[in-house]
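Chain residues, written in single-letter form:
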Amino acid sequence: MRPYDAFLLMSFGGPEKPEDVIPFLENVTRGRGIPRERLAEVGEHYYLFGGVSPINQQCRDLVEAIGADFAANGVDLPVYWGNRNWDPYLAETVAQMAKDGVRRVVALATSAYSNYSSHRQYLEDIDRAREAVGAAAPEIELIRPYFDHPGFIEPFAENTRAALLGLPEGLRAGARLLYSAHSIPTAMALASGDPRRDYGPDGAYPAQLAEAARLITERVDGADGARGHEVVYQSRSGPPSQPWLEPDINDRLAELADEGVQAVAVVPHGFVSDHMEVKFDLDVEAADTAKKLGMALVRAKAPGAHPRFAAMVRELVAERAAGTEPQGLSRWTPRSHTCPPDCCAQR
Ligand SMILES: CC1=C(CCC(=O)O)c2cc3nc(cc4[nH]c(cc5[nH]c(cc1n2)c(C)c5CCC(=O)O)c(CCC(=O)O)c4C)C(CCC(=O)O)=C3C
Ligand SMILES: [Fe+2]
């Protein structure tokens with residue numbers, strides 16, 4: 001698909017054996033002021049799953065789904081994959097692309113929202129990897145945030161309807177939808193998105209999360225919006241003195257139990273796949289909280305390698321290749337394909 005001669009999937013990376021857990025966590029947290037105790041605690045999450053993060057296999061599955069969708073639709077682009085924090089490292093993938101004679105790449109990150117960790121950091125990863133490879137490195141253009149694209153929203157709606165069926169019939173209609181996203185420092189949230197747009201008091205990331213939650217809820221229940229839904233946060237780290245986005249899902253579950261809510265469906269709409277943050281923080285930790293509170297909890301799957309999500313990737317590649325206006329379902333759809341240099345700054 002002109003002008004590109006390759007597609008690149010960019011992701012976070014994760015360990016796949018116990019010996020790799022600590023080196024992986026050191027990669028993730030280098031220079032970020034995460035307390036040592038938090039690192040040890042997070043290491044235990046990985047050991048509980050045999051030291052294997054699900055994220056790499058999920059990326060392999062997505063690479064395959066994208067390749068199949070490209071082939072079925074006549075898109076003749078080889079598909080590469082590179083990670084920020086673990087093997088296959090982005091710099092190695094960029095070196096391979098250079099060796100293969102690739103000159104211009106369109107890339108998508110497994111992160112749908114605007115904030116430093118989800119977007120700007122991937123732009124920095126690209127710069128660093130290209131620098132490491134030198135003059136032969138291809139140009140790499142990162143696709144803009146896609147949190148309100150129908151290919152992201154529709155699989156979540158389908159998976160939420162399926163999750164609700166897992167509740168006892170008598171609890172389904174009254175079940176609250178809890179949309180869960182990775183917490184970030186409030187300062188990072190305020191600096192998220194395009195500084196020339198007014199996303200409201202909390203910044204682009206919370207505003208985008210609210211819109212995606214609304215769009216999914218409409219597709220679960222119809223546009224009457226009758227079902228109660230709200231955004232909560234998970235996976236907080238960093239020192240307690242630093243404010244992060246709230247409420248934490250576990251605290252909110254306790255409040256809802258007090259209000260008499262008997263069932264919740266958790267929708268991890270802040271994520272693209274069911275990686276460790278979902279498997280541990282929701283399926284182990286939040287599920288345990290709900291159990292102690294006597295609440296029923298089900299969890300919807302993230303898009304992962306859903307064919308509609310793979311088709312979205314092709315649609316975004318085509319949009320970027322044509323240079324037409326970014327399409328999305330909400331008022332916070334990015335207005336351009338490239339970010340202004342001061343968007344999603346860390347603070
Ligand atoms: C917004 C966001 C997403 C969602 C968007 C996206 O998907 O990219 C995300 C995803 C992920 N986060 C992940 C893992 C971790 N994140 C950490 C730490 C942090 N995350 C942050 C933000 C985010 N993170 C932040 C602000 C920090 C503090 C340090 C820093 O400023 O960078 C730490 C350190 C220990 C801890 O403190 O928890 C770990 C191990 C994994 C891999 C899971 C697997 O292995 O399956 C994934 C997909
Ligand atoms: Fe994270």
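In this text the structure is predicted, and so the values were computed from the model without any measurement.

Q: Explain the overall build of the protein here, please?
A: Helix and strand counts for the protein come out as 13 helices and eight strands. Expected size for 347 residues packed as a compact globule is a radius of gyration near 20 Å; at 20 Å, the protein falls within 12% of this value. Each of the three principal axes of the protein carries a C-alpha extent, and together these read 60 × 45 × 40 Å. Scored against the burial criterion, the 347 residues of the protein give a buried share of 48%. In the protein, once contacts between residues fewer than 6 apart in sequence are set aside, the share between residues at least 24 apart is 80%.

Q: Help me understand the domain arrangement of the protein, please; the structure alone is not making it clear to me.
A: You'll often see interface size given as the accessible area lost when the parts meet. Parsing the protein into structural domains produces domain 1 (6-146 + 306-322) and domain 2 (150-299). A straight line from the C-alpha centre of domain 1 to that of domain 2 covers 24 Å. If you look at the interface, domain 1 gives 28 residues, while domain 2 gives 25 residues. Considering every element that reaches the side of domain 1 that touches domain 2, the biggest residue donor is helix 13 (residues 307-322), with five residues.

Q: How should the nonpolar core be read in this particular structure?
A: Where a protein is soluble and globular, its nonpolar side chains tend to be buried together. In terms of nonpolar packing, the biggest core is built from 100 residues, with Val-264 and Ala-265 touching the most fellow members. Of all the elements, helix 9 (residues 204-221) adds the most residues to this core, at nine residues. Looking at this core, you find at least three residues from each of domain 1 (6-146 + 306-322) and domain 2 (150-299). With residues up to four places along the chain from it excluded, the contact list for Ala-265 reads Thr-160, Ala-163, Leu-164, Ala-175, Leu-177, Val-298 and Ala-300.

Q: When you look at the site of ligand 1 in this model, what are you seeing that I'm missing?
A: Taken together, 27 residues lie near ligand 1, and Gly-14, Ser-53, Ser-237, His-275 and Met-276 sit nearest. Counting residues per element, the ones that place at least two in the shell around ligand 1 are helix 1 (21-29), helix 2 (36-48), helix 5 (116-133) and helix 11 (276-279). Ranked by residues supplied to the shell around ligand 1, first place goes to helix 1 with three residues. Residues that form the shell around ligand 1 fall into these classes: 10 nonpolar, 14 polar and three charged. Two domains each provide a minimum of three residues to the shell around ligand 1, namely domain 1 (6-146 + 306-322) and domain 2 (150-299).

Q: Explanation requested: the UniProt feature "binding site: Fe(2+)" (unreviewed entry) in the protein in the structure shown.
A: The sites that UniProt annotates as "binding site: Fe(2+)" (unreviewed entry) are His-182 and Glu-277. The greatest C-alpha distance among the residues just named is 8.2 Å, despite their covering 96 residues of sequence, which places them together in space. Relative to the assigned elements, His-182 resides in strand 5 (residues 176-182). Residue contacts for His-182: discarding those within four places in its chain leaves Gln-234, Ser-235, Gly-270 and Glu-277. For Glu-277, the position within the fold is in helix 11. Setting aside chain neighbours within four positions, we find Glu-277 in contact with His-182, Gln-234, Ser-235 and Phe-271.

Q: I keep staring at the environment of Gly-33 and nothing clicks. Help me out?
A: Here Gly-33 shows up in the loop between helix 1 and helix 2. With 287 residues separating them in the primary sequence, Gly-33 and Arg-320 have C-alpha atoms 36 Å apart. Each residue touching Gly-33, except ones within four places of it in the same chain, is listed here: Gly-238 and Pro-239.

Q: Please explain the sheet that holds strand 5 as it appears in this structure.
A: Within a sheet, each strand pairs with its neighbour through backbone hydrogen bonds, oriented either parallel or antiparallel. Strand order in the open sheet formed by four strands is 6-5-7-8, and the pairing between neighbours is parallel. One side of each edge strand has no neighbouring strand; the edge strands of this open sheet are strand 6 (229-234) and strand 8 (296-299). The sheet shows a mean angle of 30° between the axes of neighbouring strands, direction not considered. The pairing of strand 5 with strand 6 spans six bridges and is classified as parallel.

Q: Sorry, what's going on with the UniProt feature "binding site: Fe-coproporphyrin III" (unreviewed entry) in the protein here?
A: Per the UniProt entry, the sites bearing "binding site: Fe-coproporphyrin III" (unreviewed entry) are Ser-53 and Tyr-122 in this numbering. Positionally, Ser-53 belongs in the loop between helix 2 and helix 3 (55-72). Look at Ser-53 and you get buried, because 25 C-beta atoms sit within 10 Å. In contact with Ser-53, not counting residues within four places along its chain, are Gly-14, Pro-15, Glu-16, Tyr-46, His-275 and Met-276.

Q: Honestly, the packing of helix 4 (residues 90-99) against helix 5 in this entry has me stumped. Any pointers?
A: Packed helix pairs are specified by the crossing angle of their axes together with the interaxial distance, meaning the distance between the axes. Look at helix 4 against helix 5: their axes get within 9 Å of each other, and the N-to-C directions meet at 55°. Overall, the two elements helix 4 and helix 5 adopt an arrangement that is oblique. Helix 5 is crossed by helix 4, and the crossing has right-handed handedness. For the pair formed by helix 4 and helix 5, the contact residues are Leu-90, Ala-91, Val-94, Ala-95 and Ala-98 on the first element and Asp-125, Ala-129, Arg-130, Ala-132 and Val-133 on the second. Class assignment for the residues of the contact of helix 4 with helix 5 results in eight nonpolar, no polar and two charged.

Q: I tried to follow the pairing of strand 3 (residues 104-109) on my own but got confused; where do I start?
A: Side-chain positions along a regular strand alternate between the two faces of the sheet. Counting buried positions over the six residues of strand 3 gives five, a clear majority of the element. In this sheet, strand 4 (residues 139-142) lies alongside strand 3 in parallel orientation, the contact comprising four bridges. Its bridge partner being in strand 4, Ala-107 is matched across the sheet by Leu-142. Handedness of the β-α-β unit built from strand 3, helix 5 and strand 4 comes out right-handed.

Analysis parameters
- Residues numbered from 1 in each chain as written.
- Chains lettered and ligands numbered in written order.
- Predicted model: local features only at pLDDT ≥ 70, side-chain atom pairs only at ≥ 80, totals over all residues.
- Helix = DSSP H or I, 4+ residues; strand = E, 2+ residues; numbered from the N terminus.
- Rg over C-alpha atoms; globule rule 2.2 N^0.38 Å.
- Buried ≥ 20, exposed ≤ 12 C-beta atoms within 10 Å, placed from the backbone.
- Contact = placed C-beta atoms within 7 Å.
- Domains from an automatic or database assignment.
- Core = buried A, V, L, I, M, F, W, Y, C linked by C-beta atoms within 7 Å.
- Near = placed C-beta within 6 Å.
- Nonpolar A, V, L, I, M, F, W, Y, C, P; charged D, E, K, R; others polar.
- UniProt positions renumbered as here; feature names shortened; annotations may be inferred.
- Pairing = 2+ DSSP bridges.
- Axes fitted to C-alpha atoms, helices over the stretch in contact; angles between N-to-C directions.
- Parallel < 35°, antiparallel > 145°, perpendicular 65-115°, else oblique.
- Left-handed = near helix turned anticlockwise from the far one by under 90°.
- Right-handed = clockwise from strand over helix to strand, strands pointing away.

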